Amino acid sequence: MLNSIEALEAIYGLPHDRAVRKQIPFLNEDYQAMVRASPLVIISSVGPDGMDGSPRGDTPGFVRIIDERTLAIPDRPGNNRIDTLRNVVLDSRVSLLFIIPGIGETLRVNGTAQISAEPALLESFAVNGKPARTVMLVTVQAAYFHCSKAIVRSDLWNPHKHLERSALPTAGAFHKRLNDGQFDAETYDREAPARVRDSLY
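Everything in this summary refers to the structure shown in the same document. Since the model is a prediction, treat every value here as computed from it, not as a measurement.

## Some details on the overall build of the protein chain
When helices and strands are counted, the protein chain shows 8 helices and 7 strands. Considered along the principal axes of its C-alpha atoms, the protein chain spans approximately 55 × 45 × 40 Å. Put simply, the protein chain has 201 residues, and 29% of those count as buried. A separation threshold of at least 6 residues defines the contact pool for the protein chain, and within that pool the share at least 24 residues apart is 62%. As presented, the protein chain carries roughly 13300 Å² of accessible surface, and 56% of it is formed by carbon and sulfur atoms. Distance from the positive charge centre (23 side chains) to the negative charge centre (24 side chains) of the protein chain: 2 Å.

## Some points on the pattern of salt bridges
Tallying each qualifying case throughout the model produces 6 salt bridges. One salt bridge connects Asp83 with Arg81, and the closest N-O pair in it is separated by 2.8 Å. Given the relative accessible area of 53%, Arg81 is considered exposed. Of the charged contacts in the structure, one is a salt bridge between Asp91 and Arg93, with a shortest N-O distance of 2.8 Å.

## Observations concerning the sheet that holds strand E2 (residues 50-57)
Strand pairing in a sheet takes place through backbone hydrogen bonds and is either antiparallel or parallel in direction. Strand order across the open sheet formed by 7 strands is E2-E1-E5-E6-E7-E4-E3, with antiparallel pairing between neighbours. Each edge of the open sheet is held by one strand with a lone partner, namely E2 and strand E3 (64-67). Taken pair by pair, the neighbouring strands of this sheet meet at an average axis angle of 30°, ignoring direction. Sheet topology note: the strand E6 (residues 106-116)/strand E7 (residues 134-146) ladder contains 11 bridges and is antiparallel. The partner of Gln114 across the bridge, within E7, is Leu137. Contacting strand E1 (40-47), E2, strand E4 (70-75), strand E5 (93-99), E6 and E7, helix H4 (residues 83-90) crosses the sheet at an angle of about 125° to E2.

## Observations concerning helix H1 (residues 5-12)
Across the 8 residues of H1, 0 count as buried, placing the element largely on the outside. Following H1 by one or two positions, Gly13 adopts a phi angle in the positive range, close to 75°.

## A few points about a nonpolar patch on the surface
Residues Leu2, Ile5, Leu8, Ile11 and Tyr12 make up a contiguous nonpolar surface patch of about 560 Å² in total accessible area. With respect to the element layout, Tyr12 can be found in helix H1. Look at Tyr12 and you get exposed, because its relative accessible area is 66%.

## Quick look at the packing of aromatic side chains
Taken as a whole, this structure holds 1 aromatic pair when the rule is applied. Over the face of the ring belonging to Phe145 we find Lys22, whose NZ or CZ atom lies 4.9 Å from the ring centre.

## Digging into the environment of Gly172
Within the secondary structure, Gly172 is located in helix H7 (residues 171-178). Taking relative accessible area as the criterion, Gly172 reaches 0% and is therefore assigned buried. Each residue touching Gly172, except ones within four places of it in the same chain, is listed here: Phe183, Ala185, Tyr188 and Asp189.

Definitions and limits used
Residues numbered from 1 in each chain as written. Predicted model: local features only at pLDDT ≥ 70, side-chain atom pairs only at ≥ 80, totals over all residues. Heavy atoms only, no water. Helix = DSSP H or I, 4+ residues; strand = E, 2+ residues; numbered from the N terminus. Buried < 20%, exposed > 50% of the residue type's maximum accessible area, 1.4 Å probe, protein only. Contact = heavy atoms within 4.5 Å. Areas by Shrake-Rupley, 256 points an atom, 1.4 Å probe, with all protein chains shown as cover. Lys, Arg positive; Asp, Glu negative; His and termini not counted. Charge placed at Lys NZ, Arg CZ, Asp CG, Glu CD. Salt bridge = Lys/Arg side-chain N within 4 Å of Asp/Glu carboxyl O. Pairing = 2+ DSSP bridges. Axes fitted to C-alpha atoms, helices over the stretch in contact; angles between N-to-C directions. Patch = residues over 30% accessible without salt bridge, like charges linked within 9 Å, V, L, I, M, F, W, Y side chains within 5 Å. Phe/Tyr/Trp six-rings, centres within 6.5 Å; stacked < 30°, edge-to-face > 60°. Lys NZ or Arg CZ within 6 Å of the ring centre and 35° of its normal.

Here it is as structure tokens:
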């Protein structure tokens, strides 16, 4: 097993100058354009009970650019595990991955975060009259675009490669197995579309 930076560098060598120069401590106009176009961001965090990676999605531009070093991410109703928020309260370090449908490049942002419940801020993110539950304010420490190779290798945006939903277990089936068969999966799945629709905000 490799257990030193020197051993890694012996295999990989040093990064190309372009790979180093693309990392900057703020969001320039190109990186801001990616944030505004993205309907999905994955938030990674770490806390005393471990790590967490959690998706946040909404219409493009739902992550608000306060300035070139500050982002605001609204939190909507969910399962109330609030793993990411618990972590941030205890350890402010976060990493964001912005994904844009049809685009190969992604945007990575590292920084620190705070959780705000300030009423005016929550109301400013209201959708259908429902304010955000909380807002995560991220201070940018490093931002850089990631090249398209992972997306190209995965062929992620190829509609001919998309799976039919029936190819994998349903959410109800997941719950049934996790509850030793003592769960009404059929009713849960039948009611899922309306339940999701009515609890988005």
